[in-house]
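# Architecture and fold: a report
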Amino acid sequence: MSDIDNKDQTEMDPADMEDVEEVEEEETGENENSKARQLTVQMMQNPQILAALQERLDGLNGSPSGYMESLPKVVKRRVNALKNLQVKCAHIEAKFYEEVHELERKYAALYQPLFDKRSDIVRAAYEPTDEECEWKVDEEEELTEEMKEKAKLEEEKKDEEKEDPKGIPEFWLTVFKNVDLLSDMLQEHDEPILTHLQDIKVKFSDPGQPMSFTLEFYFEPNEFFTNTVLTKTYKMRSEPDESDPFSFDGPEIMSCTGCTIDWTKGKNVTLKTIKKKQKHKGRGTVRTVTKTVPNDSFFNFFSPPEVPENGELDEDSEAILAADFEIGHFIRERIVPRAILYFTGEAIEDDDDEYDEEGEEADDEEGEEEADEENDPDYDPKV
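Residues numbered from 1 in each chain as written. Predicted model: local features only at pLDDT ≥ 70, side-chain atom pairs only at ≥ 80, totals over all residues. Heavy atoms only, no water.

An unreviewed UniProt entry annotates the protein as Nucleosome assembly protein 1-like 1 of Oryzias sinensis. Quoted verbatim from the Subcellular location (unreviewed entry) heading of the UniProt record, the comment on the protein is "Nucleus". (UniProt positions renumbered as here; feature names shortened; annotations may be inferred.)

Spelled out as structure tokens, the structure:
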């Protein structure tokens, strides 16, 4: 039998031998690819390697390929013509955003009567009619008759226990506490003050004036300060920088100005008094010194760092202003137009749903990777 096998092997067609060699090479290649995939997966799961890769990629980002330098002079001349066209595009884009600002101003006037009515309801200046209070409940929100009856009894019990509340108590304070970006700014001593906040409005700059917007915070009379309105104005620019026109990416906030808060004596939550003991070097006597220092508070929002004329800021001021611009933009774009949805938490749920979907997609990808590894005959979980 062995002789027959040897005979078959010696008499095998050379072409068949080549096929065998090719198959063996392909199988070897597949094994190498499989091991490479395993190594890649392991590397991608190592945070230190990922950080090093990201640092390397950041360094490569925007690095010239050297192709431009190799171009003939006549081609470089045409490239310069294209860059000049791009500068003109940037100027047209700036005009586009100026017109968008005009549209925002126009529609702000249409929204304002609705926002005014919202304010009237919140501060109990207007009681909505039964028709205005009707709300169609989604199928998912529908309750069983038993649950409806239970909820009704609980509401009646609450109404009996306390006086009929006016308007919607702590409306804006609840909005702030529901939004992470704003709740991070809140301190416990800010909350009693914000219960007096009745409305927030956005005012756009007048036609023909430099682009800007002002946030106006309206307060009812209170024991903390005498102001009825606190303001924060953001100045914007919507034109390409002559020294770097290609960096233009729409309007940017250039500076912001707060206002002076007329605090009632002893009620300024942006300052705190501390006592320090000092020992005299010679006599050894100890004395207590009282010192006033800045205190964390939401109301520091109305005292932003001033931007010098040369525009240069230290790192701390730059970080504070960057966060300030983000907060101002968020209040203007999201909080004021959709306040009720942040009060109820529905806007926050929508945001969470978006993150959940991204998370599920990531989980699916990880699951696929794990399945691939399990199906891989060369996969060694100990490696």
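Having seen the structure, we can now continue with the description.
### Looking at the overall build of the protein
Helix and strand counts for the protein come out as 13 helices and 6 strands. Summarising the internal contacts of the protein: among those between residues at least 6 apart in sequence, 58% fall at separations of at least 24. Element-wise, carbon and sulfur atoms account for 49% of the exposed surface of the protein, whose accessible area totals about 28,900 Å². (Helix = DSSP H or I, 4+ residues; strand = E, 2+ residues; numbered from the N terminus. Contact = heavy atoms within 4.5 Å. Areas by Shrake-Rupley, 256 points an atom, 1.4 Å probe, with all protein chains shown as cover.)

### Side note on helix H5 (residues 73-122)
Taking 1.5 Å as the rise per residue, H5 with 50 residues should run 74 Å; its terminal C-alpha atoms sit 69 Å apart, in good agreement. At Tyr111, H5 shows its largest bend, some 35°, and a proline, Pro113, comes one to four positions later. The set of residues buried in H5 consists of Ala90, Ala94, His101, Arg105, Ala108, Gln112, Phe115, Arg118, Ser119 and Val122. Its buried side turned inward, H5 meets helix H8 (171-178), strand E1 (197-204), strand E2 (212-219), strand E3 (229-237) and helix H12 (339-344). (Expected span 1.5 Å × (residues − 1). Bend = angle between axes of the 7 residues up to and from the residue. Buried < 20%, exposed > 50% of the residue type's maximum accessible area, 1.4 Å probe, protein only.)

### Quick look at the packing of aromatic side chains
Summed over the entire model, instances satisfying the criterion amount to 21 aromatic pairs. Following the ring pairs from residue to residue traces out a cluster consisting of Phe176, Phe217, Phe219, Phe225, Trp263, Phe298, Phe299, Phe301 and Phe302. The ring of Tyr218 is capped by Lys201, whose NZ or CZ atom sits 4.9 Å from the centre of that ring. (Phe/Tyr/Trp six-rings, centres within 6.5 Å; stacked < 30°, edge-to-face > 60°. Lys NZ or Arg CZ within 6 Å of the ring centre and 35° of its normal.)

### Comments concerning the confidence of the model for the protein
On average, residues of the protein carry a pLDDT of 78, and 67% of them reach 70 or more. Note on residues 1-27: pLDDT under 50 across the span, and 1 contact to partners over four residues away in sequence or across chains. (pLDDT = per-residue confidence, 0-100.)

### Comments concerning the pairing of E2
For E2, a buried count of 7 out of 8 residues is recorded, marking the element as mostly surrounded by other parts of the structure. As judged from the 7 bridges shared by E1 and E2, these two strands associate in the antiparallel manner. Following the sheet pairing, Lys203 is matched in E2 by Thr214. (Pairing = 2+ DSSP bridges.)

### Some thoughts on the side chain of Lys232
Tracing the sequence through the fold places Lys232 in strand E3. For Lys232, a relative accessible area of 0% gives the class buried. At a separation of 3.4 Å, a polar atom in the side chain of Lys232 contacts the side chain of Tyr234. At 2.5 Å, the side chain of Lys232 forms a polar contact with the backbone oxygen of Phe301. When sequence neighbours within four positions are dropped, the list of residues in contact with Lys232 reads Phe213, Thr214, Leu215, Cys256, Thr257, Gly258, Phe301, Pro304 and Asp324. (Polar contact = N/O pair within 3.5 Å; in protein donor to acceptor, adjacent residues only side chain to side chain.)

### Thoughts on the nonpolar core
Counting residues in hydrophobic clusters, the biggest one holds 48 residues, and the most contacted among them are Phe176, Phe217, Phe298, Phe299, Phe301 and Ile331. Considering every element that reaches this core, the biggest residue donor is helix H11 (residues 315-335), with 6 residues. Ignoring any residue separated from it by four or fewer positions in sequence, one finds Phe176 in contact with Leu182, Ser183, Leu186, Leu194, Leu197, Ile200, Phe217 and Phe298. (Core = buried A, V, L, I, M, F, W, Y, C linked by side-chain atoms within 4.5 Å.)

### As for the pattern of salt bridges
One pass over the structure, following the stated rule, counts 11 salt bridges. Salt-bridge contacts for Arg332 lead to Glu104; the nearest nitrogen and oxygen are separated by 2.6 Å. Remark: Glu104 occurs in helix H5 and Arg332 occurs in helix H11; sequence separation between them is 228 residues. Among the residues examined, Arg332 registers a relative accessible area of 8% and is labelled buried. Assessed through its relative accessible area of 25%, Glu104 is described here as partly exposed. Between Lys117 and Glu132 there is a salt bridge, with the nearest N and O atoms lying 2.8 Å from each other. In this pair, Lys117 sits in helix H5 while Glu132 sits in helix H6 (residues 130-133), placing the two residues 15 residues apart along the sequence. (Salt bridge = Lys/Arg side-chain N within 4 Å of Asp/Glu carboxyl O.)

### A look at the pairing of strand E6 (residues 286-294)
Direction of pairing for strand E5 (residues 271-279) relative to E6: antiparallel, over a ladder of 9 bridges. If you follow Lys272 over to E6, its bridge partner there is Val293. The turn joining E5 and E6, which pair antiparallel and follow one another in sequence, is formed by 6 residues; a positive phi near 80° is taken by Gly284.

### Section: the side chain of Ser297
Note that Ser297 resides in the loop between E6 and H11. Excluding residues that lie within four positions of it along the chain, Ser297 makes contacts with Met185, Gln187, His189, Asp190, Val269 and Thr270.

### A closer look at the environment of Ile320
With respect to the helices and strands, Ile320 occurs in helix H11. Between the C-alpha atom of Ile320 and that of Pro304, which follows or precedes it by 16 residues, the distance is 7.8 Å.

### With respect to a negative patch on the surface
Negative charge collects at one region of the surface, where Glu239, Asp241, Glu242 and Asp244 lie side by side. Relative to the helices and strands, Asp244 resides in the loop between E3 and strand E4 (252-257). (Patch = residues over 30% accessible without salt bridge, like charges linked within 9 Å, V, L, I, M, F, W, Y side chains within 5 Å. Lys, Arg positive; Asp, Glu negative; His and termini not counted. Charge placed at Lys NZ, Arg CZ, Asp CG, Glu CD.)

### Re a nonpolar patch on the surface
Together, Leu103, Tyr107, Leu110, Tyr111 and Leu114 give the surface a local cluster of nonpolar side chains, amounting to about 540 Å² of exposed area. Within the fold, Tyr111 resides in helix H5. What makes Tyr111 partly exposed here is its relative accessible area of 46%.

### A few points about the sheet that holds E3
Pairing is antiparallel in the open sheet, where 4 strands are placed in the order E1-E2-E3-E4. The open sheet terminates on both sides in strands that have one partner only, identified here as E1 and E4. Between one strand axis and the next, the sheet turns through 20° on average, direction left out of account. In the sheet, E2 pairs with E3 via 7 bridges, with the strands oriented antiparallel. Within the sheet, the bridge partner assigned to Thr214 lies in E3 and is Thr233. Sheet contacts for H5: E1, E2 and E3; angle to E1, the most-contacted strand, approximately 165°. (Axes fitted to C-alpha atoms, helices over the stretch in contact; angles between N-to-C directions.)

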